[in-house]
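Next come the chains, spelled out residue by residue.
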Amino acid sequence: NASRLGSCSNSRFSNVGLMETYFKYTNDSEGVTESANGIVARCWNSSWWFAPSCRHDPEKCVPLISGGDGWYVDYFMQIAFHHKLPLAIAVGKTSADWKGLCLEHQVAQFWW
């Protein structure tokens, strides 16, 4: 249910510093886009970032749901790029949404 996912514009996906670092080390111009403030993640349906290894066929991506403001999404983007992992990364809209999505669906999740 997409209504339980946060918007990329309200998460670390829109953190210009983090996304500039991602681009600097990957040169993945399809994974980022220019905003009025600088480089941000290019998200599909305002919620999902697809790794290059599955971007052409998102059905082959493994969903990974982060919580909070997008804990470690920039790290997972780097890992997905450099290790060619087929990840689709999103952030739960609320803590309850994040927990619920991770319990109800077969998804990877970030937990500390």
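It should be emphasised that the depicted structure is a prediction, and the values quoted were computed from it without experimental measurement.

Draft legend 1. Expanded view of the side chain of Ser11. Structurally, Ser11 can be placed in the segment before α1 (16-26). Excluding its chain neighbours within four sequence positions, the residues that come into contact with Ser11 are Asp69 and Val91.

Draft legend 2. View of the pairing of strand β4 (residues 62-66). Judged from the five bridges that link them, β4 and strand β5 (residues 87-91) form a sheet pairing that is parallel. Counted as the bridge partner of Val62 is Leu87 from β5. Handedness of the crossover joining β4 and β5 through helix α2 (residues 73-82) is recorded here as right-handed. Sheet topology note: the β4/strand β6 (residues 108-109) ladder contains two bridges and is parallel. By the bridge assignment, Leu64 is partnered in β6 with Ala108.

Draft legend 3. Just the packing of aromatic side chains, in detail. Evaluated as defined, the whole model comprises six aromatic pairs. Ring centres of Tyr22 and Trp49 lie 5.7 Å apart, and the angle between their planes is 85°; on these two criteria the pair is classed as edge-to-face. Linking Tyr22 in helix α1 with Trp49 in strand β3 (residues 49-50), this pair joins segments that are 27 residues apart in sequence. Here Tyr22 matches Trp49 in class, with each residue buried. Between Tyr75 and Phe76, the ring centres sit 5.6 Å apart and the planes meet at 70°, which makes this aromatic pair edge-to-face. On the accessibility criterion, Phe76 (14% relative accessible area) is buried. Feature note: the residues Tyr22, Trp49 and Phe81 constitute an aromatic cluster, connected by ring pairs.

Draft legend 4. Geometry of the nonpolar core. Counting 18 residues, the largest nonpolar core has Phe13, Ala41, Trp49, Met77 and Ile89 as its most contacted members. Those elements giving two or more residues to this core turn out to be α1, β2 (39-41), α2 and β5. Ranked by residue count, the leading element in this core is α2, at four residues. Once residues within four sequence positions are removed from consideration, Phe13 is found in contact with Cys8, Met19, Val40, Ala41, Cys43, Ser47, Trp49, Val73, Met77, Ile89, Ala90 and Val91.

Draft legend 5. Layout of the state of the cysteines. All chains considered together, the criterion is met by two disulfides. Shown here is the disulfide that connects Cys8 with Cys43, its sulfur atoms set 2.0 Å apart. Across the S-S bond of Cys8 and Cys43 the torsion is about -95°, and the bridge reads as left-handed. Taken as a pair, Cys8 in the segment before α1 and Cys43 in the loop between β2 and β3 lie far apart in primary sequence, 35 residues in all. Each sulfur of the disulfide joining Cys54 and Cys61 lies 1.9 Å from the other. Given an S-S torsion of about 100°, the disulfide between Cys54 and Cys61 has right-handed geometry. In this structure, Cys54 and Cys61 share a single accessibility class: buried. Sequence-ordered numbering of the bonded cysteines in the protein gives a pairing of 1-2, 3-4.

Conventions and cut-offs
Residues numbered from 1 in each chain as written. Predicted model: local features only at pLDDT ≥ 70, side-chain atom pairs only at ≥ 80, totals over all residues. Heavy atoms only, no water. Helix = DSSP H or I, 4+ residues; strand = E, 2+ residues; numbered from the N terminus. Contact = heavy atoms within 4.5 Å. Pairing = 2+ DSSP bridges. Right-handed = clockwise from strand over helix to strand, strands pointing away. Phe/Tyr/Trp six-rings, centres within 6.5 Å; stacked < 30°, edge-to-face > 60°. Buried < 20%, exposed > 50% of the residue type's maximum accessible area, 1.4 Å probe, protein only. Core = buried A, V, L, I, M, F, W, Y, C linked by side-chain atoms within 4.5 Å. Disulfide = S-S within 2.5 Å.

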